[in-house]
Amino acid sequence: MPSPEKIAALEARMAGLGITDETLTEKFIQGSGSGGQKINKTASCVYLKHEPSGIEVKCQQQRSRELNRYIARRELCERLEEKRDGKKSARQQKMEKIRRQKRRRSRRAKNRMLDDKSKHANKKNMRKGPGPND
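Here is what the cut-offs are and how they apply
- Residues numbered from 1 in each chain as written.
- Predicted model: local features only at pLDDT ≥ 70, side-chain atom pairs only at ≥ 80, totals over all residues.
- Heavy atoms only, no water.
- UniProt positions renumbered as here; feature names shortened; annotations may be inferred.
- Phe/Tyr/Trp six-rings, centres within 6.5 Å; stacked < 30°, edge-to-face > 60°.
- Lys NZ or Arg CZ within 6 Å of the ring centre and 35° of its normal.
- Pairing = 2+ DSSP bridges.
- Helix = DSSP H or I, 4+ residues; strand = E, 2+ residues; numbered from the N terminus.
- Axes fitted to C-alpha atoms, helices over the stretch in contact; angles between N-to-C directions.
- Contact = heavy atoms within 4.5 Å.
- Polar contact = N/O pair within 3.5 Å; in protein donor to acceptor, adjacent residues only side chain to side chain.
- Patch = residues over 30% accessible without salt bridge, like charges linked within 9 Å, V, L, I, M, F, W, Y side chains within 5 Å.
- Areas by Shrake-Rupley, 256 points an atom, 1.4 Å probe, with all protein chains shown as cover.
- Salt bridge = Lys/Arg side-chain N within 4 Å of Asp/Glu carboxyl O.
- Lys, Arg positive; Asp, Glu negative; His and termini not counted.
- Charge placed at Lys NZ, Arg CZ, Asp CG, Glu CD.
- Buried < 20%, exposed > 50% of the residue type's maximum accessible area, 1.4 Å probe, protein only.
- Disulfide = S-S within 2.5 Å.
- Expected span 1.5 Å × (residues − 1).

The name that an unreviewed UniProt entry assigns to the chain is Peptide chain release factor-like protein, with the source organism given as Oceaniferula flava. Recorded in UniProt under Sequence similarities (unreviewed entry), the annotation for the chain is "Belongs to the prokaryotic/mitochondrial release factor family."

Below you can see the structure in the form of structure tokens.
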């Protein structure tokens, strides 16, 4: 359960973005996925839709419905700010960075990297003196 200060801060943020309870459609649906019977029996998954913008958020991160409501509202605020400001959120930037890191190297870049490695290995081998058995 989030603290009252966090809830108040989120409500102020929502008010600043013009999000009210009248503009939100909120549903509680049964969760799915791993977690066994408990997750499949309780309706702790929160679905939010902001009618004016059409943004939909679904949250099932925690077992608690109240915590999922808080997280879903926070996510909705982030998405609305992204849309309003036209810039990418920290979450999107992190995802793109990971995508760039996982992207396969071009053949030229791979060859250059391997050449540098072999040059470094040669340099280290040249530093070695004759061994004790030589």
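On we go.
S.K.: Describe the packing of aromatic side chains, and please don't skip the residues or the numbers.
M.R.: Following the criterion strictly, the structure yields 0 aromatic pairs and no others. Positioned above the aromatic ring of Phe28 is the side chain of Arg65, whose terminal nitrogen or guanidinium carbon lies 4.3 Å from the ring centre.

S.K.: Can you explain the sheet that holds strand β3 (residues 55-59)? Please cite residues and give values.
M.R.: Here 3 strands make up an open sheet; going across it, the order is β1-β2-β3 and the pairing antiparallel. A strand with exactly one partner marks an edge of an open sheet, and here the two such strands are β1 (24-29) and β3. Between one strand and the next, the sheet's axes are offset by a mean angle of 15°, whatever the strand orientation. Pairing between β1 and strand β2 (residues 45-50): 6 bridges, direction antiparallel. From the neighbouring strand, Thr25 faces β2, where its bridge partner is Lys49. Contacting β1, β2 and β3, helix α3 (residues 65-85) runs over the sheet at an angle of about 150° to β3.

S.K.: An account of the UniProt feature "domain: Prokaryotic-type class I peptide chain release factors" (unreviewed entry) in the chain is requested, with residue identities and associated values reported.
M.R.: UniProt marks residues 18-122 with the feature "domain: Prokaryotic-type class I peptide chain release factors" (unreviewed entry), using the numbering shown here. Note that residues 18-122 is 52% helix and 16% strand, and that its end C-alpha atoms are spaced 64 Å apart.

S.K.: Give me the side chain of His50: which residues, what numbers.
M.R.: With respect to the helices and strands, the residue His50 is situated in strand β2. Of the polar contacts made by the side chain of His50, one reaches the side chain of Ser53; its length is 2.8 Å. For His50, the residues in contact, after removing those within four places along its chain, are Gly18, Ile19, Thr23, Leu24, Ile55, Leu76 and Leu80.

S.K.: How would you sum up a positive patch on the surface? Please name residues and give values.
M.R.: A contiguous patch of positive charge, built from Arg104, Arg105, Arg107, Lys110 and Lys117, is present on the exposed surface. Relative to the helices and strands, Lys110 resides in helix α5 (residues 107-127). Taking relative accessible area as the criterion, Lys110 reaches 43% and is therefore assigned partly exposed.

S.K.: Give a description of the pattern of salt bridges that names residues and reports values.
M.R.: Scanning all chains against the criterion turns up 8 salt bridges. The residue Glu26 makes a salt bridge to Arg73 at a minimum N-O spacing of 2.9 Å. Here Glu26, found in strand β1, pairs with Arg73, found in helix α3; they are 47 residues apart in sequence, far enough to count as distant. Arg73 gets classed as buried once you look at its relative accessible area, which sits at 12%.

S.K.: Describe in detail the state of the cysteines, supporting the description with residues and values.
M.R.: One pass over the full model with this rule turns up 0 disulfides. There is no disulfide at Cys77, and the cysteine sulfur nearest it, in Cys59, is 13 Å away. In this structure Cys77 comes out as buried when scored by relative accessible area, which is 0%.

S.K.: I'd love a proper account of α3, names of residues and values included.
M.R.: Residue pairs three or four apart in sequence face the same way in an α-helix, which turns once every 3.6 residues. For α3, which comprises 21 residues, the first-to-last C-alpha distance of 30 Å matches the rise-based estimate of 30 Å (1.5 Å per residue) to within 8%. Every buried residue of α3 is listed here: Asn68, Tyr70, Ile71, Ala72, Arg73, Glu75, Leu76, Cys77, Leu80 and Glu82. Buried-residue contacts for α3 involve α1 (4-17), β1, β2, β3 and α4 (90-102). Where α3 begins, the side chain of Ser64 points an oxygen toward the backbone nitrogen of Glu66, at a separation of 3.3 Å. Following α3 by one or two positions, Gly86 adopts a phi angle in the positive range, close to 75°.

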